[in-house]
Amino acid sequence: MSWIFYAFLSAGFAALVAIFGKVGIQNLDSTLATTVRSVIMAIFLLTVSISLGKFRHFEMSSFTGKEWLFIILAGISGAMSWLFYFFALKNGPAGAVSAIDRTSIVFVVVLAALFLGESFGWKTGIGATLIALGAYLITMK
């Protein structure tokens, strides 16, 4: 299957995170809720990896120092993103919070152009601008 199919699945499940999360944190501390969610995610992902046999030939030494560094940085960045996301979700409307959260796409295309050498042409610029404008329009009252 195409990566586009998986990207749409990701978007669909991300939408469910906002809805389930908003309902689930009404009477909870957002940091604690994020922590519990992360533990559940870790257990679920560990179960999936084991059931798919991903640890059969796994060796810690197969990771380079650079790979470890960037996986750790990605993990910390993801945790920080979710801490702030759930805090915003607890205190704001789900649609607006999710719209602003999706402006991460704008940051990704800029950072990918700067650090990964990905192209940033006029189509990308217009698309990023429309995403930012869409988030703004959704959050306006």
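Scroll up a little and you will see the structure.
Residues numbered from 1 in each chain as written. Predicted model: local features only at pLDDT ≥ 70, side-chain atom pairs only at ≥ 80, totals over all residues. Heavy atoms only, no water.

**With respect to the environment of Arg102**
Operational definition: In this description a helix means any DSSP run of H or I spanning at least four residues, a strand means any run of E spanning at least two, and both kinds are numbered starting from the N terminus. Type-normalised accessible area, obtained with a 1.4 Å probe on protein chains alone, sets the label of each residue: buried when under 20%, exposed when over 50%, and partly exposed for intermediate values. In the analysis that follows, any N or O atom pair within 3.5 Å is treated as a polar contact, provided that within protein one partner can donate a hydrogen and the other can accept it, and provided that, for residues neighboring in sequence, both atoms belong to side chains.
Positionally, Arg102 belongs in the loop between α4 (94-101) and α5 (104-115). The class of Arg102 is partly exposed, set by a relative accessible area of 29%. Spatially, the C-alpha atom of Arg102 lies 20 Å from that of Leu116, the residues being 14 residues apart in sequence. Separated by 2.5 Å, the side chains of Arg102 and Asp101 make a polar contact.

**A closer look at the packing of helix α3 (residues 65-91) against α4**
Going by this rule: Helix axes are fitted to C-alpha atoms over the stretch in contact, other axes to C-alpha atoms as well, and angles between N-to-C directions run from 0 to 180 degrees. For classification purposes, an angle smaller than 35 degrees is called roughly parallel, one larger than 145 roughly antiparallel, one from 65 to 115 roughly perpendicular, and anything else oblique. Handedness of a helix crossing follows the sense of rotation of the near helix relative to the far helix, less than a right angle counterclockwise being left-handed and clockwise being right-handed. Whether two residues are in contact is decided by their heavy atoms, any of which lying within 4.5 Å being enough. Residue classes follow a fixed rule: Ala, Val, Leu, Ile, Met, Phe, Trp, Tyr, Cys and Pro count as nonpolar, while Asp, Glu, Lys and Arg count as charged, and any other residue, Gly among them, counts as polar.
With their axes 9 Å apart at the nearest point, α3 and α4 run at an angle of 150 degrees to one another. Relative to α4, α3 is oriented roughly antiparallel. Crossing geometry of α3 relative to α4 is assigned as right-handed. For the pair α3 and α4, contact is made by Ser81, Tyr85, Ala88 and Leu89 and by Ala94, Val97, Ser98 and Asp101, respectively. A class-by-class count of the residues in the contact of α3 with α4 yields five nonpolar, two polar and one charged.

What is shown is where atoms sit, not what they do.
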